[in-house]
2 protein chains.
Amino acid sequence: MTQTAPSPVHPVQQRYADPATEVPAQWNSVLQVLHEHKSVRRYLPDAVSPETVELLVSAAQSAATSSNLQVWSVIEVRDAARRSRLAAVAGGQAHIEQAPVLLVWTADFARLRQLAADQGAPLDGADYLESSYVGFIDAALAAQNAVVAAESLGLGTVYIGALRNNPEQVAAELNLPDGVFAVFGLVVGHPDPAEGTRVKPRLPRAAVLHREGYDLGVQRAAVAAYEQRIGELYSDQGLPFSWIERVLGRLASAAALNGRDRLRESLLARGFGLR
Amino acid sequence: MTQTAPSPVHPVQQRYADPATEVPAQWNSVLQVLHEHKSVRRYLPDAVSPETVELLVSAAQSAATSSNLQVWSVIEVRDAARRSRLAAVAGGQAHIEQAPVLLVWTADFARLRQLAADQGAPLDGADYLESSYVGFIDAALAAQNAVVAAESLGLGTVYIGALRNNPEQVAAELNLPDGVFAVFGLVVGHPDPAEGTRVKPRLPRAAVLHREGYDLGVQRAAVAAYEQRIGELYSDQGLPFSWIERVLGRLASAAALNGRDRLRESLLARGFGLR
């Protein structure tokens, strides 16, 4: 290729690894923090204070919650041995041991179940699949606010979905009562600048933003463009990766889910009805 | 009560409706935006440009996504008649008609199913309950970034979970293919200052933030304190509401779910395996 486009400098262009992306007319420090997000997998040993975690949690509680139910809770894990055991549950992710804090975000119906029992009130709606999604969504909205808050303070984070590989062990580690399910972990710490990762490009906006109705026809070209752009980035890092191969591999089979094919059974055992 | 505590001025104190909350040592404009969140249910007719929506979507795409699967999409709905029909699905929420834009966030496995079919590759992992949560979580993390981006630009938002009251009608309105499920809507517009709502207080931090392990014992006192604090706020607005009554009512029965007790059936019909 003889193309001599300028290197992508604006964060929006960087996000799509596409220097042809139009630079937005509006911009501010919040948009900057949001667009510069990177998952951090190498941390310095520097401390994160309890007060900082409290600030992340008040930011988290400021997120919307369905019907103000607030069906989530978060467990702050600092104990090194516990983090080490949870790192093992997550397939040996060393950053869980490296960073000082692991926040485990839960869908929490125990608070309301106890309240209902105290009041002698029914809570049959909690036994439906819908309610499990409400808990998961509440936890996700809250956690994402905590991520944005952390990054605004110069901290790094990475979500740990792999806690769902073994929900029973996580529940035992964290003394989770019936009705509380660990949705994901979030490592919080000071990024090691030596990690040197770049912003990960995403699918072209045309793949995810549809107007008035979903357009499946646009997906093939968008995916092909993305496969090339992210392939070039991997290549620059000496990695022979293909996005297409990776995502198809991730969802190829029950075995590829690393235990999460048992999630239904685990949720039922944790007191979720899933009707 | 003769208590003469100063009125809660710091956003963290306002979030808990508790002037005794310690003021954080760290603060910045991002934390300010996060903590000042309010759901907006009255809008001015002012336009929101397509470029602004694109900016919200690049912010959304900057959020983490499980294994970079990016199993979500968003439908931008501007057509007034379509918004009106979707407002009816959501139990007649007038703000969906009032604001110029409704973003419908979806869990999207259609993109990867088409890709797998093109490659002759299996995608059996997508048929598990786990994958539905991955899609819902991906959509929630993305949407929350869009909310923060919108609020940083002075726009208002409100989530519309009630689109799940009738997923079949929403899918028909938005031409959703098999494997795409509308998780929730998000109204975006210019807040009408005449609405005059205040920040909604949340449960005391002690109720949701646990250290090393979950503490059910702390919940009764935290809920009682909250019931009183939010009761005072409702009272100030002339509303005879009780949080306890409202949340227990919301989850009392299948009928209270307003159709969402059918969610399992709806997801199965939309091509989600839920194994």
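Residues numbered from 1 in each chain as written. Chains lettered and ligands numbered in written order. Predicted model: local features only at pLDDT ≥ 70, side-chain atom pairs only at ≥ 80, totals over all residues. Heavy atoms only, no water.

Caption draft 1: A look at the pairing of strand β1 (residues 72–77) of chain A. Residues and elements named next belong to chain A. By the criterion of burial, β1 is predominantly enclosed, with six of the six residues buried. Here β1 runs beside strand β2 (residues 101–108); their pairing, made up of six bridges, is antiparallel. Counterpart to V74 in the pairing with β2 is W105. (Buried < 20%, exposed > 50% of the residue type's maximum accessible area, 1.4 Å probe, protein only. Helix = DSSP H or I, 4+ residues; strand = E, 2+ residues; numbered from the N terminus. Pairing = 2+ DSSP bridges.)

Caption draft 2: Representation of the pairing of strand β2 (residues 101–108) of chain B in the model. Residues and elements named next belong to chain B. A large share of β2 lies buried, amounting to eight of its eight residues. Of the two faces of β2, both are covered, the one formed by V101, L103, W105 and A107 as well as the one formed by L102, V104, T106 and D108. As paired elements, β2 and strand β4 (residues 180–189) share eight bridges and run antiparallel to each other. Across the sheet, residue L103 finds its bridge partner in β4, namely L186.

Caption draft 3: Quick peek at the packing of helix α10 (residues 219–236) of chain B against helix α11 (residues 243–250) of chain B. Residues and elements named next belong to chain B. In the contact formed by α10 and α11, the axes pass within 8 Å of each other and the chain directions differ by 105 degrees. Compared by their axis directions, α10 and α11 come out roughly perpendicular. Counted together, V223, Y226, E227, I230 and Y234 of α10 and W243, I244 and R246 of α11 form the full contact between these two elements. Its residues assigned to classes, the contact of α10 with α11 comprises six nonpolar, no polar and two charged. (Axes fitted to C-alpha atoms, helices over the stretch in contact; angles between N-to-C directions. Parallel < 35°, antiparallel > 145°, perpendicular 65-115°, else oblique. Contact = heavy atoms within 4.5 Å. Nonpolar A, V, L, I, M, F, W, Y, C, P; charged D, E, K, R; others polar.)

Caption draft 4: Representation of helix α6 (residues 110–119) of chain A within the structure. All of the buried residues along α6(A) are A:A110, A:R111, A:L112, A:Q114, A:L115 and A:A116. In this fold, the buried residues of α6(A) make contact with β1, β2 and β4 (180–189) of chain A together with α9 (205–208), α10 and α11 of chain B.

Caption draft 5: Layout of the packing of aromatic side chains. A full pass over the atoms with the stated rule returns 17 aromatic pairs over all chains. Judged by centre distance (5.8 Å) and plane angle (90 degrees), the ring pair of A:F109 and A:F272 falls under edge-to-face. Highlighted residues: A:F109 in the loop between β2 and α6 and A:F272 in the segment after α12 (263–269), separated in sequence by 163 residues. You'll find A:F109 and A:F272 in the same group, each marked buried. With centroids separated by 5.0 Å and ring planes inclined at 40 degrees, the aromatic side chains of A:Y133 and B:Y133 adopt a geometry described as tilted. Residue A:Y133 is found in helix α7 (residues 129–152), and its partner B:Y133 is found in helix α7 (residues 129–152); the two belong to separate chains. Among the residues examined, A:Y133 registers a relative accessible area of 0% and is labelled buried. (Phe/Tyr/Trp six-rings, centres within 6.5 Å; stacked < 30°, edge-to-face > 60°.)

Caption draft 6: Structural context of the pattern of salt bridges. Summed over the entire model, instances satisfying the criterion amount to 34 salt bridges over all chains. Where A:E54 meets B:R211, a salt bridge forms, and the shortest distance between an N and an O atom there is 3.3 Å. Separated into two different chains, A:E54 in helix α3 (residues 50–61) and B:R211 in strand β5 (residues 209–211) make up a pair that spans both. With relative accessibility at 25%, the residue A:E54 sits in the partly exposed group. Residue class for B:R211 comes out partly exposed when judged on its relative accessible area of 45%. The partner of A:E130 in a salt bridge is B:R260, with the nearest N and O atoms 3.1 Å apart. (Salt bridge = Lys/Arg side-chain N within 4 Å of Asp/Glu carboxyl O.)

Caption draft 7: Quick look at the interface of chain B and chain A. Across the boundary between the two partners, chain B contributes 119 residues, which contact 119 residues of chain A. Of the roughly 10,600 Å² buried where chain B meets chain A, counting both sides, 60% is carbon and sulfur surface. Linking chain B with chain A are 14 salt bridges. Across the chain B-chain A interface, the total number found is 79 residue pairs in polar contact (both at pLDDT 80 or more). Within the side of chain B that touches chain A, the residues separate by chemical class into 68 nonpolar, 27 polar and 24 charged. Where strand β5 (residues 209–211) of chain A meets strand β1 (residues 72–77) of chain B, three bridges bridge the pair, whose relative direction is parallel. In the sheet register, A:L209 faces β1(B), and the bridge partner there is B:V74. (Buried area = accessible area lost by both parts, 1.4 Å probe. Polar contact = N/O pair within 3.5 Å; in protein donor to acceptor, adjacent residues only side chain to side chain.)

Scope: geometric values only; no functional claims are made or implied.
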